Amino acid sequence: MPVGESNRLVYWIQRLSEIALLCWLGLLLLFDIAIAVTASYGPQFLSPVCGAYGIYAVWRRQRSRIRPFVILLALSFTASLAIGIVKDGGLPGFAETGSLLILTIGGLRWIEPIRNAVVFALASMVVLEASAGRTGQDDASLAGGFLLFVGWSVAAGVGAYLRFQLERRKEAVHSVRRSERLELARELHDLVAHHITGIVVQAQAARVVAEQKPEAVLPALDAIAGAGADALTSMRRLVSVLRAEDDAARTPGTRLADMRALVERFSAGGPKVAFEVGQGVSDDTLAPEVLTTLHRVLQESLTNVRRHAPGTAWVEAELRLAGPCVRLRVRNYGSAADSRVSGLGGGFGLVGMAERVEALGGRLYAGLTPQGAWEVLAELPVHGDTDASRLGG
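Residues numbered from 1 in each chain as written. Predicted model: local features only at pLDDT ≥ 70, side-chain atom pairs only at ≥ 80, totals over all residues. Heavy atoms only, no water.

Operational definition: UniProt positions are given in the numbering used here, feature names are shortened, and annotations may be inferred rather than shown by experiment.
Per an unreviewed UniProt entry, the protein goes by the name histidine kinase and belongs to Planobispora longispora. Turning to the protein, the UniProt record has this under Catalytic activity (unreviewed entry): "ATP + protein L-histidine = ADP + protein N-phospho-L-histidine."

In C-alpha cells, the structure reads:
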C-alpha cells in the first residue's frame, strides 16, 4: 500500500462514519418535514428544502468545499428573510442547522487560504443567527440565537483545532522532506566530488605516462571520459539547494557490507533478522546513491520494528533484482500489535524515505500483508532515474 494512504480498515471506518453522519442528518430532515406538514404557517416548508440541500452539500463537501457551502448559506439566509417578511413565524431547520455546523468545521479545516476559511465561518455564524429570528418572538429568538451561537462556537473550535493539527503536520512533513532533500544533495555532492577527484588523478597520471609511453595514453583518456560521464550523471541528480556546512565525515556511498553490518547490529539486540541478498546484487551492479538509499530504508524499517512492534518474533529482509529495478523488502512477523496505520499516521520516518526513494525514480510501499505481517517495500532503478527538477520540486 503506498505510503500516505489509509489502509483498508481505516478506509471503511471513514466510509461508515460518513454514512452515519448522512443518516443522522436525514433523521433531522424527517423532523423538519413533520414540523412543516403540521405547521400552520406556510413558509416553514423552506426549512426542509434548505435541509435537503444541506445534506447534499455535506455529501459533496469532499469534492467541492466552497460552492455547495455558498449556495447553502444563500438559501438559508433567503429562507430567513422570506419567513421574516411573511411574519407568520417559523423555526430554524434541524438538518439545515446541522449541515451548516458540519460545513463550518470542514471549511475551517480545509479551505485555502485560511483567511477565506475564516470568512466562511463568520458568514455561517451570521446565517445561523438570522435563522434564529424566524420565530418572530423576541424571547424565543434570543434563546435560539444563544443556542445557535454556542453550537457554532463548538463547531468553529473543532474546525480551528483540526486546522491547527493539519498545519502542524504539513510543516512537519515539509521539514522532513526538506531534510531528506538536503541529505540527498550532500551525498550526491560527495559522489560528484569523488568522480572529479578520480578524473584529476587519472589526468595527472596520463600526463606522466605520455612522457614515457605515448601509446598508453588512449586507455587513460577513455578512463577519464568514463569518469567524466559518471560525474555528469550524478550532477543531473543534484538538487538545486545550498549545502549546509558541517564537519561530519561522509563517504561516497554505502556498500552491501554496511547493510549486512546494520542487520547484524540489529539482530544482536533482537529480534533476529534474516537478510538475503539475491543473485546479481553487488556493489558494482548498483549505483552508489541507490545503495545509500537502500541502506537508509533498511535502517528506518528496522528502527520502526523496534519502536512500534517490540513483540516481533523475527524479521525477514531481502534484496533482489527485478528486471531493471532492485527491490528491498522488509517484513516483521509475530508482533502482537502494530500501531502504525500508515506512513503518515505514526511518524515521519517513512515520509522521508518515500521522498528519498521517489527522488531516485523509485517507489515505496508500507502496509499490512494478507498474512498479517508489516511490510516495507522499496523499488528503485538499478542505476537511478532522477533529475534536478524532481528533486527540487
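What follows continues from the structure just given.
### Thoughts on the UniProt feature "transmembrane region" (unreviewed entry) in the protein
Note the threshold: The way it works is that DSSP assigns letters per residue, a run of H or I at least four long becomes a helix, a run of E at least two long becomes a strand, and they are numbered from the N terminus.
Residues given the UniProt feature "transmembrane region" (unreviewed entry) here are residues 12–35, 41–59, 66–85 and 142–162. From the first C-alpha to the last, residues 66–85 spans 29 Å; its make-up is 95% helix and 0% strand. Split by type, residues 142–162 is 100% helix and 0% strand. Its first and last C-alpha atoms lie 30 Å apart.

### Considering the nonpolar core
Which entries qualify depends on this criterion: What makes a nonpolar core is a set of buried Ala, Val, Leu, Ile, Met, Phe, Trp, Tyr and Cys residues whose side-chain atoms join them at distances within 4.5 Å. Exposed residues in this analysis have more than 50% of their type's maximum accessible area, buried residues have under 20%, and partly exposed residues fall in between, with area computed by a 1.4 Å probe over protein chains only. Any two residues having at least one pair of non-hydrogen atoms within 4.5 Å are treated as being in contact.
Leu-294, Leu-298 and Leu-319 are the most contacted members of the largest nonpolar core, which has 34 residues in total. Counting only elements with at least two residues in this core, the list comes to helix H8 (256–268), strand E1 (272–277), helix H9 (288–308), strand E2 (314–322), strand E3 (325–333), helix H10 (349–359), strand E4 (363–368) and strand E5 (374–381). A per-element tally of this core places H9 first, with seven residues. When sequence neighbours within four positions are dropped, the list of residues in contact with Leu-319 reads Leu-256, Met-259, Phe-275, Glu-276, Val-277, Gly-278, Val-281, Leu-294, Val-326, Arg-327 and Leu-328. Judged by nonpolar contacts, the second largest core, of 23 residues, contains Leu-72, Ala-95, Ala-121 and Leu-128.

### Notes on the pattern of salt bridges
Note the threshold: The salt bridge criterion pairs a side-chain nitrogen of Lys or Arg with a carboxyl oxygen of Asp or Glu, the two atoms within 4 Å.
Inspection of the entire model under this criterion finds twelve salt bridges. For Arg-329, the salt bridge identified is with Glu-375, shortest N-O distance 3.1 Å. With Arg-329 in strand E3 and Glu-375 in strand E5, the pair connects residues that are 46 residues apart, well separated along the chain. When its relative accessible area of 14% is taken as the criterion, Glu-375 is described as buried. Glu-379 is the salt-bridge partner of Arg-363, the closest N and O atoms lying 2.8 Å from each other. Here Arg-363 is found in strand E4, whereas its partner Glu-379 is found in strand E5, with 16 residues between them in sequence. Residue classification places Arg-363 among the partly exposed positions, given a relative accessible area of 42%. It is possible to trace a salt-bridge network through shared partners that takes in Glu-276, Glu-318, Arg-320, Arg-329, Arg-331 and Glu-375.

### Describing the confidence of the model for the protein
Cut-off, in case you're wondering: Scored from 0 to 100, pLDDT records how confident the predictor is in each individual residue.
Within the protein, residue pLDDT values average 77, and 75% of them lie at 70 or more. Scored below 50 in pLDDT, residues 1–6 shows 18 contacts in the model against residues more than four places distant or in partner chains. Confidence over residues 386–393 falls short of pLDDT 50; this stretch has 24 contacts with residues more than four positions distant or in other chains.

### Focus: empty space enclosed by the protein
Selection rule: We place a 1 Å grid over just the protein atoms. Points where a 1.4 Å probe fits but has no way out form a cavity, open points with protein on both sides within 12 Å along at least 5 of 7 lines form a pocket, and any residue with an atom within 4 Å of a point lines it. Grid points are joined across faces, edges and corners, and a volume is the space filled by probe spheres set on the points. Each residue is assigned to one of three groups, with Ala, Val, Leu, Ile, Met, Phe, Trp, Tyr, Cys and Pro labelled nonpolar, Asp, Glu, Lys and Arg labelled charged, and all others, Gly among them, labelled polar.
According to the stated counting rule, one finds two cavities of 30 Å³ or more in the structure shown. In this model, the largest cavity occupies a volume close to 70 Å³. Taken together, Ala-57, Arg-61, Ser-64, Arg-65, Pro-68, Phe-69, Ile-102, Leu-103, Gly-106 and Gly-107 form the lining of the largest cavity. Elements with a minimum of two residues in the lining of the largest cavity: helix H3 (67–86) and helix H4 (94–110). At four residues, H4 tops the list of elements feeding residues into the lining of the largest cavity. Of the residues assigned to the lining of the largest cavity, the class counts are five nonpolar, three polar and two charged.

### What about the environment of Arg-255?
Here Arg-255 shows up in the loop between helix H7 (217–236) and H8. Separated by 40 residues in the primary sequence, Arg-255 and His-295 place their C-alpha atoms 8.5 Å from one another. Beyond its immediate chain neighbours, meaning those up to four positions away, Arg-255 contacts Asp-283 and Leu-291.

### Some points on the layout of surface pockets
Regions of empty space are outlined by a rolling probe, equal in size to a water molecule, passed over the atoms. In this structure, the second largest pocket encloses a volume near 250 Å³. Forming the boundary of the second largest pocket are 14 residues, of which Pro-92, Phe-94, Gly-144, Leu-147 and Leu-148 lie nearest the centre. A total of six residues in the lining of the second largest pocket trace back to one element, the largest contributor, which is helix H6 (residues 138–212). Broken down by class, the residue content of the lining of the second largest pocket amounts to nine nonpolar, five polar and no charged.

### Remarks on the side chain of Ser-124
Tracing the backbone through its elements, the reader meets Ser-124 in helix H5 (residues 114–132). Ignoring any residue separated from it by four or fewer positions in sequence, one finds Ser-124 in contact with Phe-69, Leu-73, Leu-100, Thr-104 and Trp-152.

### Some details on the sheet that holds E3
As a reminder, the rule being used: Two strands are counted as paired when DSSP detects at least two bridges linking them. Geometry is summarised by axes, namely lines fitted to C-alpha atoms with helices restricted to the contacting stretch, and by angles between N-to-C directions that run from 0 to 180 degrees.
Pairing in this open sheet of five strands is mixed, and the strands run E1-E2-E3-E5-E4 from one edge to the other. Edge strands, defined here as strands with exactly one partner in the open sheet, are E1 and E4. Ignoring which end each strand starts from, the neighbouring axes of this sheet average 10 degrees apart. Relative to E5, E3 is paired through eight bridges, and the arrangement is antiparallel. For Val-330, the partnering residue across the bridge sits in E5 and is Val-376. Where H8 meets the sheet, its contacts fall on E1 and E2, and the angle it forms with E1 comes to roughly 160 degrees. Across the face of the sheet, H9 comes into contact with E1, E2, E3, E4 and E5 while running at roughly 10 degrees to E3.

### Things to note about the packing of helix H2 (residues 46–60) against H4
Heads up, the condition is: The cut-offs work like this: below 35 degrees is roughly parallel, past 145 is roughly antiparallel, 65 to 115 is roughly perpendicular, and the gaps in between are oblique. The handedness criterion is simple: a crossing whose near helix is rotated anticlockwise from the far helix by less than a right angle is left-handed, and one whose near helix is rotated clockwise is right-handed.
Look at H2 against H4: their axes get within 7 Å of each other, and the N-to-C directions meet at 30 degrees. If you check the angle between H2 and H4, you find them roughly parallel. Relative to H4, the crossing made by H2 is left-handed. Taking contact as the criterion, the partners of Ser-47, Cys-50, Gly-51, Gly-54, Ile-55, Ala-57 and Val-58 in H2 are, on H4, Ala-95, Glu-96, Ser-99, Ile-102 and Leu-103. Across the contact of H2 with H4, the residue classes tally to seven nonpolar, four polar and one charged.

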